[in-house]
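The lines below spell out each chain.
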Amino acid sequence: MGKRWIRVSTVLFAALAVAAAGADIGSGSGPRPQRARVNPAREGVITNTRWSEDGRCFEYVHHLKQYRVDLQTLSIAEIERTSPIDGEERRSRRRNTAITVGGRTIERPERGHQYLTEVSPDGQWFACCRDWNVVLESVDGSLSIPVTTEGHRKFRYGTANWTYGEELDVRHGMWWSPDSKKLIYYVFDERPVKDFYLLGNLTKINTSLLVEGYIKAGAPNPVVWLEIYDLEKRARIPVDCGHKERDQYIYNMRFTPDGHELLFNRTDRLQHDLEVVALDAESGETRIVLSEHQDTWQENSPDMRFLADGKRFIWETEKTGFRHFELRHIDGRLLTTLTRGDYPDQRIIRVDEPGGWLYYTARNGSHPLCDHLNRVRLDGSGQARLTRSELNHTSFDISPDGQWFVVRFESVETPPSTALYSTGGDRMKMLAAGPAEANPRAELFSFKAADGKTDLYGILYKPADFNENRRYPLVISVYGGPGSRAVSNRYTGGSPYNDNGFLVARIDNLGTSGRGKAFKAAVYRRLGDVDIRGQAQGVRYLRRRPYVDGSRVGIVGHSYGGYMAAMGIVKYPDVFTVAVDRAGPTDWRNYDSIYTERYMGLPDDNPEGYGNASVMHFAGNLQGKLLIMHGLVDDNVHPTNAFQLIKALDDAQKPYDSRFFPLGTHGFGGYDTQDAFLKRHLLQQ
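First things first, this report covers the structure right here in the doc. Just so you know, these numbers come straight off a predicted model, no measurement behind them.

## Looking at a nonpolar patch on the surface
- On the surface, Tyr-197, Leu-199, Leu-202, Leu-209 and Val-211 cluster together into a nonpolar patch covering about 440 Å² of accessible area.
- For the nonpolar patch, the elements supplying multiple residues, two or more each, are β15 (196–200) and β16 (208–212).
- Overall, Tyr-197 belongs to the partly exposed group, its relative accessible area being 47%.

Right, dumping it as structure tokens:
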């Protein structure tokens, strides 16, 4: 008989890119990185790992050839290829944008919005949000039940609003119980919220009015709770979500594995306190499963992963100041602390219940940007790091019997290689070795933050024809927002900006992720201060190098990055000479309550912080060249941010350039304008 195979995961090659990472106040598209002509990263990368069910061997693909490794002898043999190659598999996995059920097409919602139709698990019912009310319709079209009738735009059922969708990742406003007997849905009282207006159809003969209940920082929030509809009793059951006593957010709805309770997360307005709440779908009663507190802000949706019994779950927590994992029970008990250490865990790789292990990554090596595979027993004992080289480890593939794992290791300067390890931590066999030469296009560098103690990291990208005897202008490509990450210690090629003859750098300032809560929370109540200072410090470090022309330094960013670019050139005119602000929020009083207050608190409680975070406060300092770019139908970062900055610059009699896009939302193009601006002011003397 032939061997049976188990696909655990596919190790996919990541294209060489300069990628913005992490949380976004609205991730706008930046220029797409280009692959280098010579790609040494391919040499040490394998794909399509498959383990045999009997544990004797595994197969993988390298350079379109398939190989089998005998785990008894560790010998490798080329075999006839039987599994699809990487690209074929990716094409087959492309995500559909819509589904069709019972002849009805259900479209994916636009960014910040929710599905308006939910199909019951038994396939018999559509729950629809129509005209701000919930309606049940049988799939065969024979029956329609109006669940609510009193809804309107400012008091809605079955859907949330844009802010919930954007900041809390709420994509659904109705949830079926697993047995299809009950429907739980949002009740969203938006009457306290002021409407914000944009003009649409700006290229038509007549414009239209675009209206959204957009909650500005410090302004009244909607009052939100849940209701249950019992299909058998044809009755609505109210749910006490605590909304009558406090200003709060409820989100992240999911059923327990047994389907008896709906879990949701609840935070106070400032997001210091997080609770996981269980709702009994029969009675409508709620209870608190766990609660956590942070003096700055609590992560809104920590990982919560149930074990097979449906009662115990692994919980991600930052209560020690570093992300770690606990084992808890649905009845509220903390069973054990699983992981410990003065370093952050990163993510769960595998929960091996039969073997009794949790596999996870952590930054517990000598370099704070390097991920390592670790494991710990599910009783909290036996915590151990399994990867030993001081490189960054990714693309883990653990054998079903827990005896082996495949891992890729690399750094910015070191091309990736892939090897087979035993779970005792020993490297057993090199599967694909990367070339020995160091990266000629990118360099990981570090420098001290303004406190003189904290190491900050960046990547410097060099032109393909780099000559250290020349002097180059420098472009800082920035995002920099709280919890984001731009610097990864993985092999990478050049930046597209290099093609124009620029050196390019990306820097992770204080406030970014992966370094522990204190590092991340350093920006609390001080956006536009600590973060942009780190970018300026990085430029001051780089311009000591003879090939960096410190008199020609540009900074470019989109969304939060646009804010950083604008703040950089007005706050550090001695550092930045050119800036491109793409869709940046210029004053946090213009942005939404959930995002802004998480990091800044309420405007009335932090007037100095909000004042110092306003680009307009420093507009009179502008000395360099500034290009302001914005979409006129941006429902995320409203164009009023650009208008306010323009007025402040006009009042200060400061020249600037601008480019507006009449059909532009939060994402827009305009890279020809941007590139021409950078070339004109950084390349031409």
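## A word on the sheet that holds strand β24 (residues 312–317)
- Strand order in this open sheet of four strands is β23-β24-β25-β26, and the pairing throughout is antiparallel. Looking at strand neighbours, the two that pair on one side only are β23 (304–306) and β26 (334–337), the edges of this open sheet. The mean angle between the axes of side-by-side strands here comes to 25 degrees, regardless of whether they run parallel or antiparallel.
- In terms of strand pairing, β23 meets β24 through three bridges, oriented antiparallel.

## A closer look at the pairing of strand β22 (residues 286–293)
- Pairing geometry for strand β21 (residues 273–280) and β22, over seven bridges, is antiparallel. Bridge assignment links Ala-278 to a residue of β22, and that residue is Arg-287.
- If you look at the hairpin formed by β21 and β22, you'll find five residues sitting between the two strands, and Gly-284 has a positive phi there, around 85 degrees.

## Regarding the side chain of Arg-269
- Mapping Arg-269 onto the fold places it in the loop between β20 (261–268) and β21.
- On the accessibility criterion, Arg-269 (11% relative accessible area) is buried.
- One polar contact links the side chain of Arg-269 to the main-chain carbonyl oxygen of Ala-219, over a distance of 2.5 Å.
- A polar contact is formed between the side chain of Arg-269 and the side chain of Glu-597, at a distance of 2.7 Å.
- Discounting chain neighbours no more than four positions away, the residues touching Arg-269 are Lys-216, Gly-218, Ala-219, Pro-220, Asn-221, Asp-247, Gln-248, Tyr-249, Ser-593, Glu-597 and Leu-602.

## Quick notes on the packing of helix α4 (residues 530–542) against helix α5 (residues 560–571)
- Relative orientation of the contacting elements α4 and α5 amounts to 70 degrees, with a least axis distance of 10 Å. On the basis of their axis angle, the class for α4 and α5 is roughly perpendicular. Viewed along their axes, α4 and α5 form a crossing whose handedness is right-handed. On the side of α4, the interface is formed by Asp-531, Ile-532 and Gln-535, while α5 contributes Tyr-560, Met-564, Met-567, Gly-568 and Lys-571.
- In terms of residue class, the contact of α4 with α5 is made up of four nonpolar, two polar and two charged.

## Side note on the pattern of salt bridges
- Applying the stated criterion to the full structure yields 47 salt bridges.
- In this structure, Glu-59 and Arg-50 form a salt bridge, with 3.2 Å as the shortest nitrogen-oxygen distance.
- When its relative accessible area of 2% is taken as the criterion, Glu-59 is described as buried.
- Judged by relative accessible area, Arg-50 falls into the buried class, the value being 16%.
- Salt-bridge contacts for Glu-326 lead to Arg-328; the nearest nitrogen and oxygen are separated by 3.0 Å. Here Glu-326 matches Arg-328 in class, with each residue buried.
- Residues joined in a network through salt bridges with shared partners are Arg-153, Lys-154, Arg-156, Glu-190 and Asp-195.

## Thoughts on the sheet that holds β21
- What the four strands build is an open sheet, ordered β19-β20-β21-β22; its pairing is antiparallel. Lying at the two open borders of the sheet, with one neighbouring strand each, are β19 (248–255) and β22. Neighbour-to-neighbour, the strand axes of this sheet turn through a mean angle of 20 degrees, independent of strand direction.
- Of the pairings in the sheet, the one linking β20 to β21 comprises seven bridges and is antiparallel in character. Counterpart to Glu-261 in the pairing with β21 is Asp-280.

The rules behind each value
Residues numbered from 1 in each chain as written. Predicted model: local features only at pLDDT ≥ 70, side-chain atom pairs only at ≥ 80, totals over all residues. Heavy atoms only, no water. Patch = residues over 30% accessible without salt bridge, like charges linked within 9 Å, V, L, I, M, F, W, Y side chains within 5 Å. Areas by Shrake-Rupley, 256 points an atom, 1.4 Å probe, with all protein chains shown as cover. Salt bridge = Lys/Arg side-chain N within 4 Å of Asp/Glu carboxyl O. Helix = DSSP H or I, 4+ residues; strand = E, 2+ residues; numbered from the N terminus. Buried < 20%, exposed > 50% of the residue type's maximum accessible area, 1.4 Å probe, protein only. Pairing = 2+ DSSP bridges. Axes fitted to C-alpha atoms, helices over the stretch in contact; angles between N-to-C directions. Polar contact = N/O pair within 3.5 Å; in protein donor to acceptor, adjacent residues only side chain to side chain. Contact = heavy atoms within 4.5 Å. Parallel < 35°, antiparallel > 145°, perpendicular 65-115°, else oblique. Left-handed = near helix turned anticlockwise from the far one by under 90°. Nonpolar A, V, L, I, M, F, W, Y, C, P; charged D, E, K, R; others polar.

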